[in-house]
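Summary of the model geometry
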Amino acid sequence: TIATNYANKGNFAGYTWKRDMINDAVYTCVRYAHNFDPNKQKVPNPFAYFTQICYHSFLNYIKKQNKFSKIKDTLYNNVYMLDENDQYMEKSIDYESLK
C-alpha cells in the first residue's frame, strides 16, 4: 500500500504505466527488505525506508521508460522515408546516433 499511495502523489499520478511502476517498486522493496536494520537508528522507521525505496524505484522506472521512448521515437522517425514517387522506402538506421 505504500507504493500504491505514493504513486497517487502529484509527481507520479499522470503516468500511463503507473501500474507497472508500482509493481516494480514492490519488487524492489521485497528485494531490499533484508537491508533494513532497526538497530542503526534511534527510532526505527521502516515506513520511511520503504517510502524512499519506492521513490527511487519510481524515478528509475521513469528514466528507463523515457530512454525507451526516445529510442522508439528515433527508430520510428528514421526507418521510413518517402522517395520522389511518394513511396515508402527503408533507410538504414544510424545506430551511433541512438547512443
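Provided above is the structure to which this section pertains.
One structure accompanies this document, and this report is about it. None of these values were measured; they are calculated from a predicted model.

**Side note on the nonpolar core**
Of all hydrophobic cores here, the largest spans 13 residues; its most connected members are Ala-3, Phe-12, Met-21, Ile-22, Ala-25, Cys-54 and Phe-58. Counting only elements with at least two residues in this core, the list comes to helix H1 (2-7), helix H2 (18-32) and helix H3 (46-79). No other element matches the 5 residues that H3 contributes to this core. Contacts of Phe-58, omitting those with residues within four sequence positions, involve Ala-3, Tyr-6, Ala-7, Phe-12, Met-21, Ile-22 and Ala-25.

**Section: the packing of aromatic side chains**
Taken as a whole, this structure holds 8 aromatic pairs when the rule is applied. Seen in terms of ring centroids, Tyr-6 and Tyr-55 are 6.3 Å apart; in terms of plane orientation they differ by 80°. Their pairing is edge-to-face. Here Tyr-6, found in helix H1, pairs with Tyr-55, found in helix H3; they are 49 residues apart in sequence, far enough to count as distant. Pairing Tyr-49 with Phe-50 gives two aromatic rings, centres 5.3 Å apart and planes at 75°, and the pair type is edge-to-face. Residue classification places Tyr-49 among the partly exposed residues on the basis of a relative accessible area of 23%.

So, how was this worked out
Once a new chain begins, its residue numbering starts again from 1 and follows that chain's sequence as written. For this predicted model, a pLDDT threshold of at least 70 governs which residues receive local features, and a threshold of 80 or more governs which side-chain atom pairs are given and counted, while totals over whole chains, interfaces and linings are taken from all residues. Computation of side-chain values: all heavy atoms of the structure, hydrogens and water removed. What is meant by a nonpolar core is a set of buried Ala, Val, Leu, Ile, Met, Phe, Trp, Tyr and Cys residues, joined one to another through side-chain atoms within 4.5 Å. Throughout, exposure labels follow a simple rule: accessible area from a 1.4 Å probe, protein chains only, divided by the maximum for the residue type, with under 20% read as buried, over 50% as exposed, and the rest as partly exposed. Numbering of helices and strands starts at the N terminus; helices are DSSP runs of H or I of at least 4 residues and strands are runs of E of at least 2. Contacts between residues were defined by any pair of non-hydrogen atoms, one from each residue, lying within 4.5 Å. Aromatic pairing here means that ring centres of Phe, Tyr or Trp (its six-membered ring) are within 6.5 Å. Orientation follows from the plane angle: under 30 degrees is stacked, over 60 is edge-to-face, and everything else is tilted.

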